[in-house]
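Letter by letter, the chains look like this.
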Amino acid sequence: MKQIKVDITDTLSAITRADIDAAMTEARQSLETVDTGSGAGNDFLGWNHLPSQLLADNALIERIEETAKRLAEKCKVVVCIGIGGSYLGAKAVLEALSDTFAPYRPESGHPRVIFAGQNIGEDYLYELMDYLHGKEFGIIVISKSGTTTEPAIAFRLLKDQLVKEQGAEKAAERIVAVTDAKRGALRSMSDTEGYTTFVIPDNVGGRFSVLTPVGLLPIACAGFDIRALIAGAAAMEASDQTDSLLYAATRNALYRSGKKTEILVNFCPKLHYFGEWWKQLYGESEGKDNKGIFPASVDFTTDLHSMGQWIQQGERTIFETVLSVETPEHEVVIPTDNDNLDGLNFIAGKRVDEVNKMAELGTKMAHVDGGVPNMRITIPALNETYLGQLIYFFEKAVGISGYMLGVNPFDQPGVEAYKRNMFALLAKPGYEKDTEAINARLAR
């Protein structure tokens, strides 16, 4: 099995080897903190040895596969309801592995997996319900508590629709809940209604949960090989963590040199949602105590025609981390045209990927020359194995990097502020004092 690789050569215009060596010493200490569970947030380190534990205990994988098969037999569409880490990991993997223009093939025997509960868009929900009307659909609802606003609204609406169209008994057979083992509204409802359930481990935070049933069940439903995904992650877990250490150390050295924003770049459009998953993983893990590298992402070459100018000549507080897929799945060769009106005969006979790789190299050279340091992460191919590697690589690196920053990488206290204001504005029971205070504030 090949392995993803990190190249930091093109950061040396902004930092020195001595800077990286010093940061590597800190990174190794932070790695030890992660692996010994001796740091802040150590009660949320369940992800750290999760891949190897899954491979050692085949029962959970078999149960996920059996449930996915049962849903496939009953449903043409499965709606995965969740927000944040409860949907981004699965979405990232599905987008990376699916056919761009035919993500759902009825002849495959697998349902189409779509997502809800990640927003409160009324038109989105109306159009989703309209699309589902008359179709054989099922629901995977993912929530630790069952009361998170966005997925709770979506589940109430879609469950009501499913019951009306299929009846309560058939609806219950088509609903799977991924939730807390013992408590919470969704656990109580599942026990009452008889839903099939999977447990979100108490020691795995949402943004690290893609290798739990949270991510594995939707991925299996779509027909992808979760065993290969887990095996890839397990291979990275078993490695010496050289690449995770190097990535964490280099990005922190860049941060200390004044590079405050990291832009995750892909030259493969299938990785768009991987960037969205990565943004939550790093933003929610590091953005605390007025510290943290701001995570952004772009799709190249597309965004070179929109963000390219700013990246090339804007404020020099940025660095780029480029995800480069070594070998695409398909081969397309550019043909010769006798008239050559578009002037493209100079690349006739070349594969599209060769042109894309030269665009990647040319962009890197231009940006480095323009004062934007670049790291490059090479992914051998876009398949389950290497996506598993990439997921674990970034998870391990963020734990190391967070401790280097001096924050707890495994909590997210800041995400509650907007919820308190929203509940006060909606006059939720229990928030009466907040409602009074916020109404007085708005009346000024």
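Residues numbered from 1 in each chain as written. Predicted model: local features only at pLDDT ≥ 70, side-chain atom pairs only at ≥ 80, totals over all residues. Heavy atoms only, no water.

Draft legend 1. Structural context of the sheet that holds strand 6 (residues 196–199). One open sheet accounts for 5 strands, arranged 3-2-4-5-6; its pairing is parallel. Each end of this open sheet is capped by a strand with a single partner; those strands are strand 3 (112–116) and strand 6. Across the sheet, the mean angle separating the axes of adjacent strands is 20° when strand polarity is ignored. The sheet contact formed by strand 2 (residues 77–81) and strand 3 spans 5 bridges and is parallel. Within strand 3, the residue paired with Cys80 across the bridge is Phe115. Sheet contacts for helix 8 (residues 185–193): strand 4 (137–142), strand 5 (175–179) and strand 6; angle to strand 5, the most-contacted strand, approximately 145°. (Pairing = 2+ DSSP bridges. Helix = DSSP H or I, 4+ residues; strand = E, 2+ residues; numbered from the N terminus. Axes fitted to C-alpha atoms, helices over the stretch in contact; angles between N-to-C directions. Contact = heavy atoms within 4.5 Å.)

Draft legend 2. How the structure looks around the pairing of strand 3. Burial analysis of strand 3 places 4 of its 5 residues in the buried class, the great majority of the element. As a crossover connection, the stretch from strand 2 through helix 4 (residues 88–97) into strand 3 is right-handed. (Buried < 20%, exposed > 50% of the residue type's maximum accessible area, 1.4 Å probe, protein only. Right-handed = clockwise from strand over helix to strand, strands pointing away.)

Draft legend 3. Spatial organisation of the packing of aromatic side chains. One pass over the full model with this rule turns up 17 aromatic pairs. Ring plane angle 55° and centroid distance 5.6 Å describe the contact between Phe208 and Phe410, whose orientation is recorded as tilted. Here Phe410 lies in the loop between helix 15 (384–405) and helix 16 (416–425) and Phe208 lies in the loop between strand 6 and helix 9 (213–221), a separation of 202 residues in the sequence. Of the residues examined, Phe208 reaches a relative accessible area of 2% and is grouped as buried. Here the aromatic rings of Tyr247 and Phe394 are separated by 5.5 Å at their centres, their planes lie at 80°, and the arrangement is edge-to-face. (Phe/Tyr/Trp six-rings, centres within 6.5 Å; stacked < 30°, edge-to-face > 60°.)

Draft legend 4. Geometry of helix 3 (residues 58–74). Between the first and last C-alpha of helix 3 there are 25 Å, a value that for 17 residues agrees with the 24 Å anticipated at 1.5 Å per step. Along helix 3, the positions that sit buried rather than exposed are Ile61, Ile64, Thr67, Ala68, Leu71 and Ala72. End-on view of helix 3: buried residues confined to an arc of 140°, all on one side of the axis. For helix 3, the exposed residues set more than 90 degrees away from the buried face come down to Glu66, Lys69 and Glu73. (Expected span 1.5 Å × (residues − 1). Arc of directions from axis to C-beta.)

Draft legend 5. Representation of the nonpolar core within the structure. By size, the foremost hydrophobic cluster in this structure holds 93 residues, and its most contacted members are Leu217, Phe274, Trp277, Leu323, Leu390, Phe393 and Phe394. No other element matches helix 15, which puts 13 residues into this core. For Phe393, the residues in contact, after removing those within four places along its chain, are Ile4, Val6, Met236, Asp243, Ser244, Tyr247 and Ile377. Residues Ile81, Ala116, Leu125 and Ala171 belong to the second largest nonpolar core, which totals 21 residues. (Core = buried A, V, L, I, M, F, W, Y, C linked by side-chain atoms within 4.5 Å.)

Draft legend 6. Here's a closer look at the pairing of strand 5. Counting buried positions along strand 5 yields 5 of 5 residues, so the element is predominantly enclosed. Of the two faces of strand 5, both are covered, the one formed by Ile175, Ala177 and Thr179 as well as the one formed by Val176 and Val178. As paired strands, strand 4 and strand 5 are joined by 4 bridges and run parallel to one another. Considered in strand 5, the bridge of Ile139 is made with Ile175. Assessed by its sense of winding, the connection that carries the chain from strand 5 through helix 8 to strand 6 is right-handed.

Draft legend 7. Structural detail: empty space enclosed by the protein. This model, assessed by the stated rule, comprises 1 cavity of 30 Å³ or more. Its volume calculated, the largest cavity comes out at about 30 Å³. Lining the largest cavity are Leu264, Val265, Asn266, Leu271, Phe274, Gly275, Ser297, Val298 and Leu323. The set of elements that each furnish at least two residues to the lining of the largest cavity consists of strand 7 (261–266), helix 12 (272–286) and strand 8 (294–299). Among the elements that make up the lining of the largest cavity, the one with the highest residue count is strand 7 (3 residues). Residue composition of the lining of the largest cavity, by class: 6 nonpolar, 3 polar and no charged. (1 Å grid on protein atoms, 1.4 Å probe; cavity = no way out; pocket = protein on both sides within 12 Å on 5 of 7 lines; lining within 4 Å. Points joined across faces, edges and corners; volume = space filled by probe spheres on them. Nonpolar A, V, L, I, M, F, W, Y, C, P; charged D, E, K, R; others polar.)

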